[in-house]
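Coordinates in review
As a plain string of letters, each chain reads:
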Amino acid sequence: MTMHWDLSAVSFLVIDDNMHMRSILRSVLGGFGARHVFEASDGADGLEVVLDRSPDFILCDWVMKPLSGSEFIRTLRAEKDRLLSTLPVVVVSAHSHKSTVIEAVSLGIHGFIAKPVSPAVLYRHITDTLHKQAVYGRNKGILFNSTSTDRRSRNRGDDQSAVAVPPASDTATVIDMALI
């Protein structure tokens, strides 16, 4: 059962080095009812917008210069402010190789969408993420539970989740969810 979300009060940040792609995503988000869409041309500009505007949701490209999507996410997740460090991030990228998706998941994304973007898939990722946040609370990505404790650390029995490696079966499940 698909739930309809009112996205008019949700603010979005679109980070992509391609101006045309930012325009497409802005238009699609507008079609969903979003009224507040901020843009950044790379991860460094994206971090400035995050600090200045505090968006509710981030759509981020993976390959950008000077600060890539991976560097942006790594910096965001390391932020001491819990509201900023748990901002939902969905990667939207043409670079959708398995290794890229695994790296993005391990850094703390909430979804991964391969370009070209289908509006229906984008809407589903956004609404699924917002629904999970409403039910379970904010977290640092799909590998993390509602208390921001990494599932991998529970499997290992300690709290050093930053260096943990997920079991192969756990990774396969997460990647399948991220690519749907």
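Bear in mind the structure is a predicted one, so any value in this text is a computation, not a measurement.

Moving on to the pattern of salt bridges. Side-chain pairs of opposite charge can arise whenever the charged atoms involved come near each other. Under the defined criterion, the tally for this structure stands at six salt bridges. With a shortest N-O distance of 3.2 Å, R22 and E39 are connected by a salt bridge. With a gap of 17 residues between them, R22 in helix α1 (residues 19–31) and E39 in strand β2 (residues 36–40) connect regions that are remote in the sequence. Residue R22 is classed as buried on the basis of its relative accessible area of 10%. Across the salt bridge formed by D52 and R53, the nearest N and O atoms sit 3.4 Å from each other. Residue R53 is classed as partly exposed on the basis of its relative accessible area, which comes to 48%. A cluster of three or more residues bridged by salt bridges with shared partners is formed by D16, D61 and K115.

One turn of the α-helix equals 3.6 residues, which is why residues spaced by three or four share an orientation. The complete set of buried residues in helix α3 (residues 69–78) reads G69, S70, F72, I73, L76 and R77. Buried residues of α3 fall within an arc of 160° about the axis and therefore sit on the same side. Buried residues belonging to α3 abut β1 (11–15), α2 (43–53), β3 (57–60), α4 (82–85), β4 (89–93) and α5 (98–107).

This brings us to the environment of R74. Topologically, R74 is positioned in helix α3. Judged by relative accessible area, which is 43%, R74 ranks as partly exposed. Through-space distance from the C-alpha of R74 to that of I109 is 10.0 Å; in sequence the pair is 35 residues apart. Apart from residues no more than four positions distant in its own chain, R74 is found in contact with E103 and L107.

Let's shift gears to the side chain of S8. Its location among the elements puts S8 in the segment before β1. Overall, the relative accessible area of 15% leaves S8 in the buried class. Among the polar contacts made by the side chain of S8, one reaches the side chain of D6 at a distance of 2.7 Å.

Once that is clear, we can look at the sheet that holds β2. Overall, parallel pairing links the five strands, which are arranged β2-β1-β3-β4-β5 in an open sheet. With one partner strand each, in any of the chains shown, β2 and β5 (111–114) form the two edges of the open sheet. Adjacent strand axes in the sheet meet at a mean angle of 20° when their direction is disregarded. In this structure, β1 lies alongside β3, joined through four bridges in parallel fashion.

Below, the discussion takes up the confidence of the model for the protein chain. Low pLDDT marks stretches whose predicted atomic positions should not be read closely. When pLDDT is averaged along the protein chain, the result is 83, and 78% of the positions lie at 70 or above. Throughout residues 146–180 the model reports pLDDT below 50, and contacts reaching past four residues in sequence, or to other chains, amount to 47 contacts.

Both the distance between ring centres and the angle between the ring planes are used here to describe each pair of aromatic rings. Evaluation of the coordinates by the stated rule reveals two aromatic pairs. Arranged with centres 5.6 Å apart and planes meeting at 50°, the rings of F12 and F57 form a pair that is tilted. Residue F12 is located in strand β1, and its partner F57 is located in strand β3; the two are separated by 45 residues in the primary sequence. Residue F57 is classed as buried on the basis of its relative accessible area, which comes to 0%.

The next subject is helix α6 (residues 119–136). Relative to the 26 Å expected for 18 residues at 1.5 Å per residue, α6 spans 25 Å between its end C-alpha atoms, a close match to the ideal helical length. L122, Y123, H125, I126, T127, T129, L130 and Q133 are the residues of α6 that are buried. G137 sits one or two residues past α6 and shows a positive phi near 95°.

Calculation criteria
- Residues numbered from 1 in each chain as written.
- Predicted model: local features only at pLDDT ≥ 70, side-chain atom pairs only at ≥ 80, totals over all residues.
- Heavy atoms only, no water.
- Salt bridge = Lys/Arg side-chain N within 4 Å of Asp/Glu carboxyl O.
- Helix = DSSP H or I, 4+ residues; strand = E, 2+ residues; numbered from the N terminus.
- Buried < 20%, exposed > 50% of the residue type's maximum accessible area, 1.4 Å probe, protein only.
- Arc of directions from axis to C-beta.
- Contact = heavy atoms within 4.5 Å.
- Polar contact = N/O pair within 3.5 Å; in protein donor to acceptor, adjacent residues only side chain to side chain.
- Pairing = 2+ DSSP bridges.
- Axes fitted to C-alpha atoms, helices over the stretch in contact; angles between N-to-C directions.
- pLDDT = per-residue confidence, 0-100.
- Phe/Tyr/Trp six-rings, centres within 6.5 Å; stacked < 30°, edge-to-face > 60°.
- Expected span 1.5 Å × (residues − 1).

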